Amino acid sequence: MGALDYLSDIFTITSTRKSKRKPMQTVDIKVKMDCDGCERKVKSAVSSMKGVRSVDVDRKQSRVSVSGYVDPNKVLKAVKSTGKRAEFWPYVPYNLVSYPYVAQAYDKKAPSGFVKNVPQAFSTTNASEEQLITLFSDENPNACFIM
């Protein structure tokens, strides 16, 4: 069977052009915008990119959300080409973080309901702790045997 597989690999017709389509994703970027002109400039720069499906600009949060088949670094580069200082969105929703007031996570400049995305803010549970927690859970049908 090995010889047949080898020969079939040699004689199969393959295209030399392999185009992988980028996955559909949403890229969030933090951009300081002061006026309607800034907002329009950033939106037009990003919406002219190939693969962009939608662009949402939120001036109050200084946030630009781009959805489509795009590369995040190219989106960031396009926003920076407008002359604005930009970076990837550094915040996560407040309710997804276990320790929102840990050092470096709480940011006064963050929009309401958001904290900085730092590893110290997330809890790390190991498997043995999780087993102990579920051992006495109300959702565990065998918990009454232990008590």
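Right above here is the structure, for reference.
First, a word on what this report is: a plain description of the structure on this page. (Residues numbered from 1 in each chain as written. Predicted model: local features only at pLDDT ≥ 70, side-chain atom pairs only at ≥ 80, totals over all residues. Heavy atoms only, no water.)

### Overview of the overall build of the protein chain
Helices and strands together make up the secondary structure of the protein chain, namely five helices and six strands. In the protein chain, the order of α-helices and β-strands from amino to carboxyl end is α-β-α-β-β-α-β-β-β-α-α. Burial status across the protein chain gives 27% buried among its 147 residues. Taking the contacts inside the protein chain whose residues are at least 6 apart along the sequence as the reference set, 55% of them involve residues at least 24 apart. Counting only carbon and sulfur atoms, one obtains 53% of the accessible surface of the protein chain, whose full area is about 11300 Å². (Helix = DSSP H or I, 4+ residues; strand = E, 2+ residues; numbered from the N terminus. Buried < 20%, exposed > 50% of the residue type's maximum accessible area, 1.4 Å probe, protein only. Contact = heavy atoms within 4.5 Å. Areas by Shrake-Rupley, 256 points an atom, 1.4 Å probe, with all protein chains shown as cover.)

### Remarks on the sheet that holds strand E2 (residues 52-58)
The antiparallel open sheet is built from four strands, whose spatial order is E2-E3-E1-E4. Single-partner strands in this sheet number two, and they are E2 and strand E4 (86-88). Strand-to-strand, the axes of this sheet are offset by a mean angle of 25°, without reference to chain direction. Here strand E1 (residues 25-31) runs beside strand E3 (residues 63-68); their pairing, made up of six bridges, is antiparallel. Paired with threonine 26 across the bridge in E3 is serine 67. (Pairing = 2+ DSSP bridges. Axes fitted to C-alpha atoms, helices over the stretch in contact; angles between N-to-C directions.)

### Regarding the pattern of salt bridges
Within the structure shown, the criterion is met by four salt bridges. The closest approach of N and O atoms between glutamate 87 and lysine 30, which form a salt bridge, is 3.8 Å. Of the two residues, glutamate 87 sits in strand E4 while lysine 30 sits in strand E1, which places them 57 residues apart along the sequence. Looking at glutamate 87, the relative accessible area reads 38%, which means it is partly exposed. Taking the shortest distance from any N to any O, the salt bridge between aspartate 36 and arginine 59 comes out at 2.7 Å. Taken together, the residues span a long stretch of sequence, with aspartate 36 in helix H2 (residues 36-47) and arginine 59 in the loop between E2 and E3 at a distance of 23 residues. Look at the salt bridges and you will find they share partners, linking Asp36, Glu39 and Arg59 into a network. (Salt bridge = Lys/Arg side-chain N within 4 Å of Asp/Glu carboxyl O.)

### Here's the deal with the pairing of E3
Counting buried positions along E3 yields six of six residues, so the element is predominantly enclosed. Residue alternation in E3 divides its side chains into two sets, Arg63, Ser65 and Ser67 and Val64, Val66 and Gly68, and both sets are buried. Two elements, E2 and E3, share six bridges in a ladder whose sense is antiparallel. Bridge pairing links aspartate 56 to serine 65 in E3.

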